[in-house]
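Listed below, chain by chain, are the residues.
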Amino acid sequence: MDALPPIPAPYATADWRRRIADLYAAIRAEPDPQAGWRLWHETRSRLFRDHPASPLSADQKARFEGIALWPYDPGLRFEVGLSPQDGPAIDFELGPDGRMQARPVARTEGLSDGLGAELTLWWIEGYGGGLFLPFRDATCGAGSYGGGRYAIDAIKSSDLGLAASGRLILDFNFAYSPSCAWSPDWVCPLAPPENRLEAAIEAGERDPSGAAS
């Protein structure tokens, strides 16, 4: 791939978010899920290595060989219904950045047979808002980042969208680690108890320590 152009420091985070939004738009337009997954891996690995808003330090970038993934598993791609859910907002701790409030808006319908449980989707409170779906599974601390991973995060534009049926696409091959998995400089919102699965989701990003340390 071509080298990234110069990116002014004040624009770096905005540029990162735009590139991730463009990436997910390209993935949604790709009819072959595995081809979209390959594009996702190649693009994110490149950004982690070269982009000024990467969570990697200069030393980590110098040793970085790409994001470590499990092989693509088509059995971990789901199209799920959404059952509306209401409840009080909860606080997600963000360290020096304070707190992020989010409220439950839906519970998935269609994961239990394959994964043993359903997951809650949260709506991030505040200006703009957006969906958030963090989860933990049996690989946490034993193959994937111990704090869990993300399937949807509107702040990062990571959302595979809806299938033609109108059901939500949840493809755990695209599950990724939060920035705090890569650097102690970050504090990230992690999955609440209702989004913890007993199943081992051996798909998506593996523990970043093997790729960045």
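Residues numbered from 1 in each chain as written. Predicted model: local features only at pLDDT ≥ 70, side-chain atom pairs only at ≥ 80, totals over all residues. Heavy atoms only, no water.

Draft legend 1. Broad picture of the packing of aromatic side chains. A full pass over the atoms with the stated rule returns twelve aromatic pairs. Pairing F48 with W182 gives two aromatic rings, centres 4.9 Å apart and planes at 55 degrees, and the pair type is tilted. Within this pair, whereas F48 is found in helix α2 (residues 33–50), its partner W182 is found in the loop between β7 (168–171) and α5 (209–212), the two being separated by 134 residues in sequence. The pair formed by F48 and W182 is uniform in burial state, with each residue classed as buried. For the pair F92 and F132, a centre-to-centre distance of 5.6 Å together with 80 degrees between the ring planes defines the contact as edge-to-face. In this pair, F92 sits in strand β2 (residues 90–93) while F132 sits in strand β5 (residues 131–135), placing the two residues 40 residues apart along the sequence. For the pair formed by F92 and F132, the shared burial category is buried. Taken together, F92, W122, F132, Y150 and Y176 form an aromatic cluster joined through their ring pairs. (Phe/Tyr/Trp six-rings, centres within 6.5 Å; stacked < 30°, edge-to-face > 60°. Helix = DSSP H or I, 4+ residues; strand = E, 2+ residues; numbered from the N terminus. Buried < 20%, exposed > 50% of the residue type's maximum accessible area, 1.4 Å probe, protein only.)

Draft legend 2. Summary view of the pattern of salt bridges. As enumerated under the stated definition, the model contains eight salt bridges in all. As a salt-bridge pair, R149 and D137 come within 3.1 Å of each other at their nearest N and O atoms. You can see R149 sitting in strand β6 (residues 149–153) and its partner D137 sitting in the loop between β5 and β6, a full twelve residues away along the chain. For the pair formed by R149 and D137, the shared burial category is buried. Three or more residues joined by partner-sharing salt bridges are found here, namely D15, R18, R19 and D22. (Salt bridge = Lys/Arg side-chain N within 4 Å of Asp/Glu carboxyl O.)

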